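# Geometric and topological summary
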Amino acid sequence: MSFRERLFFYLKKMAKHFLLKENAYGWFGDFSSWDDAKKQTTGYDQDLILNKVKLSLLKVKNGEEVYERDSVLFEEIQYSWGALSGLLFAAANNHDSLNVLDFGGSLGSCYFQNKNALKSVKKLSWNIVEQAHFVRTGKENFSNDQLNFFENIEEYKRSNPKTDVLFLSSVIQYIDKPYNLLNLLLDVDPSIIIVDITTFTNQGRDIITIQKVPPVIYDASYPCWFFDQKNFIQFFIEKGFQKMGEWKMPYEINFGFHAGIILTKI
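None of the values given here were measured: they were computed from a predicted structure.

Once that is clear, we can look at helix H4 (residues 81–92). Since the α-helix advances by 3.6 residues per turn, residues separated by three or four positions end up pointing in the same direction. Here H4 spans 16 Å end to end across twelve residues, near enough to the 16 Å set by a 1.5 Å rise per residue. Within H4, the full set of buried residues consists of Gly82, Ala83, Leu84, Gly86, Leu87, Ala90 and Ala91.

Encoded structure:
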């Protein structure tokens, strides 16, 4: 069994049993507020996480490894086909030009994941807005003529008057006030929104949980939303978007699921 297969087996097993043990890895709890959940977590801004992601992604950049996700290295690229389809659709409708705002995009994981599949795009600009220490590391080690890093949305907007795709991969569920942030992000006026690897539920309400990350990835924990999928999509409909498509990830979670959504501006 390859490392990738062993890792997937491990994550699947942990996700299935996380509610059965107090210290299990995965998602658990139903907290009344974000602050209550945050008090029991370590957070995402640790240097440990940044350093692990940096070392892994440098190996991908230098051609020593094929693909990185959450600091874990894989033997082959694990495409999110729904997200990639959305990117190619956006480029095809924009004369093979693509300007992406990847909010919370780490050091460029999704850029390196998709760049070979986007070779046919004549003009690609992949722009990441991240925490300051990620941006510093990104500029020092990963920036190129396609990949750029910014500390906030205003800084991004000054350099990018047009946004074709707002790309949100495994990020919005880790924000204290996600809908406030989404309102700010919509100010860039994207033509297409791609929401990928996001936690959803069909319980009619949003749920605040704690996610504990398996040590095989890195030792961390943080609050995490499970959005009611219907209400989440309705938010964008009221902002002038329509759902183009959606997909689910094959990860077992007891009271919810990972999914992706493509939304297009009407």
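Let us keep going from here.
As a further point, take the packing of helix H3 (residues 47–61) against helix H6 (residues 132–141). Running from N to C, H3 and H6 cross one another at 25 degrees; their axes reach a closest spacing of 11 Å. Classified by the interaxial angle, the pair formed by H3 and H6 is roughly parallel. For the pair H3 and H6, the sense of crossing is right-handed. Contact residues: H3 offers Asp47, Leu50, Lys54, Leu58 and Lys61, while H6 offers His133, Phe134, Thr137 and Asn141. Its residues placed into classes, the contact of H3 with H6 shows three nonpolar, three polar and three charged.

Residues with a pLDDT of 70 or more make up 89% of the chain, whose mean pLDDT is 89. The low-confidence segment residues 16–22 (pLDDT under 50) makes 15 contacts with residues lying over four places distant or belonging to another chain.

The rules behind the values
Residues numbered from 1 in each chain as written. Predicted model: local features only at pLDDT ≥ 70, side-chain atom pairs only at ≥ 80, totals over all residues. Heavy atoms only, no water. Helix = DSSP H or I, 4+ residues; strand = E, 2+ residues; numbered from the N terminus. Expected span 1.5 Å × (residues − 1). Buried < 20%, exposed > 50% of the residue type's maximum accessible area, 1.4 Å probe, protein only. Axes fitted to C-alpha atoms, helices over the stretch in contact; angles between N-to-C directions. Parallel < 35°, antiparallel > 145°, perpendicular 65-115°, else oblique. Left-handed = near helix turned anticlockwise from the far one by under 90°. Contact = heavy atoms within 4.5 Å. Nonpolar A, V, L, I, M, F, W, Y, C, P; charged D, E, K, R; others polar. pLDDT = per-residue confidence, 0-100.

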